[in-house]
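What follows is each chain in one-letter form.
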Amino acid sequence: MGKILEIKNVVVGNEEIKILRDISFEVEEREIISIVGESGCGKSITLRTIIKLLPQNLNILSGKIFFEGLEITKLKEKEMQNIRGKKIGMIFQEPSSFLNPLFTIGNQIEEGINEKVEKDKKKERVIKILEEMGLSYNVYYQYPHQLSGGMQQRAMIAMALINNPVLLLADEPTTALDVTTAFGIISLLKNLILIHNLSIIFVTHDISLAKYLSDRIFVMYAGIIVEKGPSIEVYNSPLHPYTQKLINCLPEKYNKGEKIKTIEGEVPSFKNLPLGCPFSPRCEIKNKICEKRIPPEIKIGNRIVRCFKYGNFMES
Ligand SMILES: Nc1ncnc2c1ncn2[C@@H]1O[C@H](COP(=O)(O)OP(=O)(O)OP(=O)(O)O)[C@@H](O)[C@H]1O
Ligand SMILES: [Mg+2]
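Residues numbered from 1 in each chain as written. Chains lettered and ligands numbered in written order. Predicted model: local features only at pLDDT ≥ 70, side-chain atom pairs only at ≥ 80, totals over all residues.

### Let's talk about the overall build of the chain
And then number 1: Across its full length, the chain holds 10 helices and 12 strands.
And then number 2: By the compact-globule yardstick of 20 Å for 316 residues, the chain fits well, its C-alpha radius of gyration being 21 Å.
And then number 3: With respect to the principal axes defined by its C-alpha atoms, the chain has extents near 70 × 50 × 35 Å.
And then number 4: Evaluated residue by residue, the chain yields a buried proportion of 38% over its 316 residues.
And then number 5: Across the chain, contacts joining residues at least 24 apart in sequence account for 62% of those joining residues at least 6 apart. (Helix = DSSP H or I, 4+ residues; strand = E, 2+ residues; numbered from the N terminus. Rg over C-alpha atoms; globule rule 2.2 N^0.38 Å. Buried ≥ 20, exposed ≤ 12 C-beta atoms within 10 Å, placed from the backbone. Contact = placed C-beta atoms within 7 Å.)

### Remarks on the site of ligand 1
And then number 1: Lining the immediate environment of ligand 1, one finds 15 residues, of which Ser39, Lys43, Ser44, Ile45 and Pro55 sit closest.
And then number 2: Residue composition of the shell around ligand 1, by class: 7 nonpolar, 7 polar and 1 charged. (Near = placed C-beta within 6 Å. Nonpolar A, V, L, I, M, F, W, Y, C, P; charged D, E, K, R; others polar.)

### Concerning the sheet that holds strand β12 (residues 303-305)
The strands making up a sheet associate through backbone hydrogen bonding, with each pair oriented either parallel or antiparallel.
And then number 1: If you trace the 8 strands from one edge of the open sheet to the other, you get β6-β7-β8-β3-β9-β10-β12-β11, paired in mixed fashion. Here the strands that pair on one side only, and so sit at the sheet edges, are β6 (88-91) and β11 (298-300). Ignoring which end each strand starts from, the neighbouring axes of this sheet average 20° apart.
And then number 2: Each of β6 and β7 (167-171) touches helix α6 (residues 149-161); the most contacted strand, β6, lies at about 160° to it. (Pairing = 2+ DSSP bridges. Axes fitted to C-alpha atoms, helices over the stretch in contact; angles between N-to-C directions.)

### As for helix α1 (residues 43-50)
And then number 1: Lys43, Thr46, Leu47, Thr49 and Ile50 are the residues of α1 that are buried. For α1, the angular spread of the buried residues around the axis is 160°, confining them to a single face.
And then number 2: Trailing α1 by a residue or two, Lys52 shows a phi angle of about 50°, which is positive. (Arc of directions from axis to C-beta.)

### Digging into helix α7 (residues 179-196)
Side chains that are three or four residues apart share a direction in an α-helix, a result of its 3.6 residues per turn.
And then number 1: A rise of 1.5 Å per residue sets the reference length of α7, with its 18 residues, at 26 Å; its end C-alpha atoms lie 25 Å apart and thus fit the reference within 8%.
And then number 2: When α7 is considered as a whole, its buried residues turn out to be Ala182, Ile185, Ile186 and Leu189.
And then number 3: Where α7 is buried, its residues touch α6, β7, β8 (199-204) and α8 (207-213).
And then number 4: Within two residues after α7, Asn197 carries a phi angle of roughly 55°, on the positive side. (Expected span 1.5 Å × (residues − 1).)

### Considerations on the sheet that holds strand β1 (residues 3-13)
And then number 1: Judged by pairing direction, the sheet is antiparallel, and its 4 strands sit side by side in the order β2-β1-β4-β5 without closing on themselves. Either end of the sheet is taken by a strand with one partner, and the two such strands are β2 (18-28) and β5 (70-71).
And then number 2: Of the strand pairs in this sheet, strand β4 (residues 59-67) and β5 are connected by 2 bridges, and their pairing is antiparallel. Opposite Phe67, over in β5, you have Leu70 as the bridge partner.
And then number 3: In the packing of α1 onto the sheet, contacts are made with β1, β2 and β4, and the angle to β2 comes to roughly 65°.

### Re the pairing of strand β3 (residues 32-36)
And then number 1: Most of β3 sits out of view: 5 of its 5 residues are buried.
And then number 2: Of the pairings in the sheet, the one linking β3 to β8 comprises 5 bridges and is parallel in character. The residue of β8 that forms the bridge with Val36 is Thr204.
And then number 3: In terms of strand pairing, β3 meets strand β9 (residues 216-221) through 4 bridges, oriented parallel. Across the sheet, the residue bridging to Ile35 is Phe218, located in β9.

### Some points on the environment of Leu246
And then number 1: When you line up the elements, Leu246 lands in helix α10 (residues 241-248).
And then number 2: We classify Leu246 as buried; it has 23 C-beta atoms within 10 Å.
And then number 3: For the pair Leu246 and Val36, spaced 210 residues apart in sequence, the C-alpha separation works out to 9.9 Å.

### Overview of the packing of α6 against α7
Describing two packed helices takes the angle between their axes plus the distance from one axis to the other.
And then number 1: Running from amino to carboxyl end, α6 crosses α7 at an angle of 20°, the nearest separation of the two axes being 10 Å. The angle between the axes of α6 and α7 places the two elements in the roughly parallel class. By crossing handedness, the relation of α6 to α7 is classed as right-handed. On the side of α6, the interface is formed by Gly149, Gly150, Gln153 and Leu161, while α7 contributes Thr181, Gly184, Ile185 and His196. (Parallel < 35°, antiparallel > 145°, perpendicular 65-115°, else oblique. Left-handed = near helix turned anticlockwise from the far one by under 90°.)

Below, the structure is given as structure tokens:
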């Protein structure tokens with residue numbers, strides 16, 4: 001398998017705040033990656049960085065991003081428009097705010113078709129993709145409000161895939177859905193990898209869902225990726241103290257009536273980040289060095305972890 005995306009030491013922010021700090025990762029062809037972390041840790045900003053669709057006050061301050069070998073960090077907005085929505089599809093966090101209530105689903109998906117094709121051919125293509133998403137052709141004629149949340153999400157996926165992208169960025173596509181509907185969407189995404197020759201970066205709060213869906217999990221905390229590795233390994237034997245706590249808080253780890261532990265303390269504000277490891281104020285095994293520097297990436301087997309516990313740092 002070849003690499004489709006490479007992110008190297010990316011920092012995103014402005015003079016006052018740094019939201020993403022030294023983010024590096026790669027995505028292989030036909031791989032599903034899940035980015036997991038608490039609200040506000042920088043998951044959506046990571047996806048927006050990849051397509052260079054950041055809020056106006058935030059910029060990529062350093063680092064490089066390569067998509068299919070092309071350095072997209074160097075591309076102009078006009079050139080990005082040939083990639084965004086075409087080679088990289090995106091599902092945003094709230095489907096209802098991206099579907100226009102005044103137009104039919106068919107109309108909206110057709111609008112997104114990049115190539116010049118006849119109207120009839122466009123319709124054929126849209127109906128085919130709707131069917132692939134498990135939606136009947138009637139949906140072509142329907143308006144967003146006529147669809148359930150799950151159907152809206154499927155329509156959003158259809159829209160994101162209409163130009164056959166090679167990478168799909170999916171920002172919490174299942175968070176607002178009930179468990180059964182969410183499971184349907186997850187199964188659909190798994191199948192899409194095979195049909196569409198696609199890689200997916202999936203953003204979620206839910207590490208159990210991430211384990212089920214993805215090949216690898218990246219755990220984020222306050223703008224840093226603290227652990228990366230094969231999903232089963234990260235889930236079954238988490239290395240970073242934050243990942244360990246995240247997994248220890250899962251209800252499925254408890255018997256009926258047992259009190260569920262929570263992670264004590266709060267996520268630090270981006271305006272007031274600790275100097276060293278951002279997790280250090282909440283970490284039970286922290287040492288002096290943890291408060292001085294951000295831990296480097298340490299490779300352990302198939303995993304990368306940013307914690308001074310690993311390596312020979314703790315005594316310094
Ligand atoms: N334009 C902006 N200017 C300054 N800070 C911002 C801006 N946009 C987002 N942030 C901050 O960046 C941080 C990361 O935001 P992001 O939307 O990536 O979080 P997230 O992990 O996707 O959270 P959620 O799970 O709630 O969607 C947040 O603390 C947010 O307040
Ligand atoms: Mg988000």
